[in-house]
Amino acid sequence: MGMDPIALQAGFDLLGDGRPETLWLGIGTLLMIIGTFYFIAQGWGVTDKEAREYYAITILVPGIASAAYLAMFFGIGVTEVELASGAVLDIYYARYADWLFTTPLLLLDLALLAKVDRVSIGTLIGVDALMIVTGLIGALSKTPLARYTWWLFSTIAFLFVLYYLLTSLRSAAAQRSEEVQSTFNTLTALVAVLWTAYPILWIVGTEGAGVVGLGVETLAFMVLDVTAKVGFGFVLLRSRAILGETEAPEPSAGADASAAD
Ligand SMILES: *C/C=C(C)/C=C/C=C(C)/C=C/C1=C(C)CCCC1(C)C
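Starting afresh in each chain, residues are numbered from 1 along the sequence in its written order. In view of the model being predicted, local features appear only for residues whose pLDDT reaches at least 70, and side-chain atom pairs are presented and counted only at 80 or more, with totals across whole chains, interfaces and linings using the full set of residues. Hydrogens and water are ignored here; the side-chain numbers use all heavy atoms of the structure.

Asker: Tell me about the side chain of K229, residues and numbers included.
Answerer: The helix and strand labels rest on DSSP assignments: H or I over at least four residues marks a helix, E over at least two residues marks a strand, and numbering proceeds from the N terminus. Positionally, K229 belongs in helix α8 (residues 214-238). Any two residues having at least one pair of non-hydrogen atoms within 4.5 Å are treated as being in contact. The contact partners of K229, leaving out residues within four places of it in the chain, are M32, F39, V61, A65, D98, W99, T102 and L106.

Asker: So what's going on with the pairing of strand β1 (residues 78-82)? Residues and values would help.
Answerer: Any two strands between which DSSP finds at least two bridges are classified as paired. The pairing of β1 with strand β2 (residues 88-92) spans five bridges and is classified as antiparallel. Residue pairing in the sheet places V78 in a bridge with Y92 of β2. In this structure, the hairpin formed by β1 and β2 is closed by a connection of five residues, where G86 is found at a positive phi of approximately 100°.

Asker: Mind laying out the pattern of salt bridges, listing which residues take part and the relevant values?
Answerer: A side-chain nitrogen of Lys or Arg and a carboxyl oxygen of Asp or Glu constitute a salt bridge if their distance falls within 4 Å. Following the criterion strictly, the structure yields five salt bridges and no others. A salt bridge links D17 to R19, with the shortest nitrogen-to-oxygen separation between them at 3.1 Å. A relative accessible area of 9% places R19 in the buried class. Where R95 meets D225, a salt bridge forms, and the shortest distance between an N and an O atom there is 3.9 Å. Taken together, the positions of R95 in helix α4 (residues 94-114) and D225 in helix α8 put the pair 130 residues apart, joining distant regions of the chain. One salt-bridge network, held together by shared partners, links R95, D98, D225 and K229. Buried, partly exposed and exposed residues are distinguished by accessible area as a fraction of the type maximum, computed with a 1.4 Å probe on protein chains only: under 20%, between the cut-offs, and over 50%, respectively.

Any link to function would need more than the numbers given here.
Right under this line is the structure:
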């Protein structure tokens with residue numbers, strides 16, 4: 001079993017089942033688990049009510065992704081799609097299950113920072129879910145026309161999400177403290193750049209034109225996923241922006257919360 005340059009480029013068949021991309025899926029699993037436990041350790045003992053909300057949401061994101069990556073590593077959540085041309089594609093659909101839950105949670109973090117109302121949160125998350133589901137339909141489609149049409153549908157939904165973040169949410173965030181504004185702007189820039197890479201990778205990768213092979217594509221999705229989840233959480237949870245506006249206990253909080261630190 002020599003490691004020729006091509007094998008190095010595409011990954012390494014760790015499980016011996018003919019899937020060299022398991023190297024990247026295995027590394028992705030480890031990094032997501034490390035991120036999850038790092039955030040848990042960081043959040044241990046945090047008492048601020050608002051901060052705890054951000055911790056709960058942000059810990060769930062790499063937690064869910066750990067499960068999806070581990071499943072894909074073991075070959076669960078992957079299916080063969082036979083195209084009209086006769087070619088057969090390996091589609092890791094577990095990604096879409098991961099993204100269907102994790103992208104709304106990431107957007108929820110931003111919506112909480114901006115303090116927008118429930119209708120705005122619902123709209124943002126609804127359009128985001130539409131983006132993921134239409135992407136999945138595209139990945140499972142059999143003809144190039146169908147695949148590119150669903151990609152376009154999903155990409156339009158994505159542009160709505162981005163537009164909403166950069167307009168409504170951004171102006172809502174502008175009403176809040178300096179700390180919140182700067183964290184919101186950093187995270188939104190991170191999302192704008194990283195999330196834009198997903199539709200591009202999909203269309204040049206095996207789901208689209210096939211310019212990029214499955215090994216390189218799996219590696220690139222892994223780097224994007226880890227940065228968009230663990231990197232995002234790292235920036236958010238280190239910021240003082242997640243602390244409640246007043247440290248004073250609410251009237252209903254009970255006697256134990258009234259002792260000032
Ligand atoms: C942690 C995972 C994240 C942040 C995933 C984000 C995924 C996207 C922004 C995916 C977008 C897609 C399109 C806009 C069109 C093609 C299909 C998708 C699902 C790759």
